[in-house]
Amino acid sequence: MTEPKGRERWRPTRTKLVASGIVIGGFWLTSLNWWFLLLVGIGTFGPGVLREIGWLHDKDEFQRHADQRAGYHAFLTSGLTAFVLVPFFRSGERSINDTQELATFFLVLLWFTWLLSALVAYWGAHKAAARFLYVFGSAVLVFTIISNIGPEWTGWAALLMHPLLAAPFFALAWLSGRWPRVTGILLLAAFIFFLQFFRFNLERVTDGVTFILFLGPLLAGGIALLLAGKKTEDPDDADELLITGN
């Protein structure tokens, strides 16, 4: 039996390993000087530039289509966000703190949108949404445990009860492969709830990096499941799903 195509595509190539090393090294060196962040940009976008000018040929047709589709999604997301922010800040007296963080916000928005879209293309909507939720639930679980030990200790009841907040995300991950549309609606509802819970508004856009990393997987998973419907996704059908956009 041959190995599924999708799994083969995720084997790290020499280009991915080198680029990942440059990205990790760039992030580490920013502790010395922020100009080293340019290495992160080189590792992230350099291979794509080399592919576009024809100097690097390390991806098949499926992978190229997945990257291009993810890039278009990142363009749409970043562009629409910019068009909302421009009239918002120009239509009246608005105050914004740490304006230098705007560049970081758009960089994370661009990068994270591309990553989530690419994962949906490679894994399929059902698997991608489930894995997003497992990671999200695990993060909530670890956070609630850490928040109730050490100096934050308030008793065994809190330690046992607070981690239960992660349970809905694991339940939704299980449901995503069985009732995708219902799960998609629930994920979008959770996204809206957290926006209201944390009272996010456009004047706090410089805090947006946290919201993107925290709420982005919920939004991406919900949209992917609603678009996918009840179709059964298999790695061998990834090319068809990519072409149809489902």
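Cut-offs used in this document
Residues numbered from 1 in each chain as written. Predicted model: local features only at pLDDT ≥ 70, side-chain atom pairs only at ≥ 80, totals over all residues. Heavy atoms only, no water. Helix = DSSP H or I, 4+ residues; strand = E, 2+ residues; numbered from the N terminus. Buried < 20%, exposed > 50% of the residue type's maximum accessible area, 1.4 Å probe, protein only. Contact = heavy atoms within 4.5 Å. Areas by Shrake-Rupley, 256 points an atom, 1.4 Å probe, with all protein chains shown as cover. Phe/Tyr/Trp six-rings, centres within 6.5 Å; stacked < 30°, edge-to-face > 60°. Lys NZ or Arg CZ within 6 Å of the ring centre and 35° of its normal. Core = buried A, V, L, I, M, F, W, Y, C linked by side-chain atoms within 4.5 Å. Salt bridge = Lys/Arg side-chain N within 4 Å of Asp/Glu carboxyl O. pLDDT = per-residue confidence, 0-100. Polar contact = N/O pair within 3.5 Å; in protein donor to acceptor, adjacent residues only side chain to side chain. Expected span 1.5 Å × (residues − 1). Bend = angle between axes of the 7 residues up to and from the residue. Axes fitted to C-alpha atoms, helices over the stretch in contact; angles between N-to-C directions. Parallel < 35°, antiparallel > 145°, perpendicular 65-115°, else oblique. Left-handed = near helix turned anticlockwise from the far one by under 90°. Nonpolar A, V, L, I, M, F, W, Y, C, P; charged D, E, K, R; others polar.

**Student:** I tried to follow the overall build of the protein on my own but got confused; where do I start?
**Tutor:** When its secondary structure is counted, the protein shows 11 helices and 0 strands. Helices and strands in the protein line up, N terminus first, as α-α-α-α-α-α-α-α-α-α-α. Here the protein, with 246 residues, has 35% of them falling under the buried criterion. Sequence separation of 24 or more characterises 72% of the internal contacts of the protein that already satisfy a separation of 6 or more. Total accessible area on the protein is roughly 15600 Å²; 68% of this is exposed by carbon and sulfur atoms.

**Student:** Help me out: how do you make sense of the packing of aromatic side chains in this one?
**Tutor:** The way to describe two aromatic rings as a pair is by their centre distance and the angle between their planes. A full pass over the atoms with the stated rule returns 7 aromatic pairs. An angle of 25 degrees between the planes, with centres 6.1 Å apart, marks the rings of Y72 and F75 as stacked. Here F75 and Y72 lie together in helix α4 (residues 61-90), a separation of 3 residues that amounts to about one turn. Judged by its relative accessible area of 55%, F75 falls in the exposed class. Residue placement shows R131 over the ring face of W123; its charged tip is 4.6 Å from the ring centre.

**Student:** What exactly am I supposed to notice about the nonpolar core here?
**Tutor:** As a rule of thumb, nonpolar side chains are buried together in soluble globular proteins. The biggest cluster of nonpolar side chains holds 17 residues, and the ones touching the most others in it are L133, F169, L187, L215 and L218. Secondary-structure elements contributing two or more residues to this core are α6 (125-146), α8 (167-175), α9 (180-197) and α10 (208-228). Excluding residues that lie within four positions of it along the chain, F169 makes contacts with L133, F136, G137, V140, F194 and L218. L109, L116, A128 and A220 belong to the second-largest nonpolar core, a separate cluster that totals 16 residues.

**Student:** Help me out: how do you make sense of the pattern of salt bridges in this one?
**Tutor:** When their charged atoms lie close together, side chains carrying opposite charge are able to pair. In this structure the tally under the stated criterion is 2 salt bridges. A salt bridge links D67 to K59; its shortest N-O distance comes to 2.3 Å. Comparing D67 with K59, the two get one shared label, buried.

**Student:** How should the confidence of the model for the protein be read in this particular structure?
**Tutor:** Atomic detail in the predicted coordinates should be set aside for any region of low pLDDT. Of the residues in the protein, 80% have a pLDDT of 70 or more, and the chain-wide mean is 78. Ranking the helices and strands of the protein by mean pLDDT puts helix α3 (residues 37-52) first, with 90, and helix α11 (residues 238-244) last, with 43. Here residues 1-9 is a poorly scored stretch, pLDDT under 50, and it has 13 contacts once near neighbours within four places are set aside; other chains count. Under a pLDDT of 50 for its full length, residues 232-246 has, in the predicted model, 27 contacts with residues more than four places off or in other chains.

**Student:** Is there a simple way to think about the side chain of T113 in this case?
**Tutor:** Within the element layout of this structure, T113 appears in helix α5 (residues 101-123). Of note is the side chain of T113, whose polar atom sits 2.6 Å from the backbone oxygen of L109. Residues in contact with T113, not counting those within four places in the same chain, are H73, A74, T77 and V108.

**Student:** Help me understand α10 in this model?
**Tutor:** Note on helix geometry: an α-helix contains 3.6 residues per turn, so any two residues three or four positions apart are oriented the same way. End to end, α10 covers 28 Å across 21 residues, agreeing with the expected 30 Å (1.5 Å per residue, within 8%). Of all the bends found along α10, the most pronounced is centred on L215 and spans about 50 degrees, while P217, a proline, follows it within four residues.

**Student:** How should I be thinking about the packing of helix α2 (residues 14-29) against α3 in this particular structure?
**Tutor:** The relative placement of two packed helices comes down to the angle between their axes together with the axis-to-axis distance. Interhelical geometry of α2 versus α3 gives an angle of 160 degrees and a closest axis separation of 5 Å. The angle between the axes of α2 and α3 places the two elements in the roughly antiparallel class. Side by side, α2 and α3 meet where T15, A19, I22, V23, G26, F27 and L29 of the first sit next to L37, L39, V40, G43, T44, P47 and R51 of the second.

**Student:** Can you help me understand the packing of α5 against α10 in this one?
**Tutor:** Where α5 contacts α10, the axes come no closer than 10 Å and their chain directions differ by 25 degrees. Between α5 and α10, the angle is such that the two are roughly parallel. Once α5 is placed against α10, the crossing between them reads as right-handed. Mapping the contact onto sequence places T104, F105, V108, L109, F112, L116 and V120 in α5 and G208, V209, I212, L213, G216, P217, A220 and A224 in α10. Residue classes in the contact of α5 with α10 are distributed as 12 nonpolar, 3 polar and no charged.

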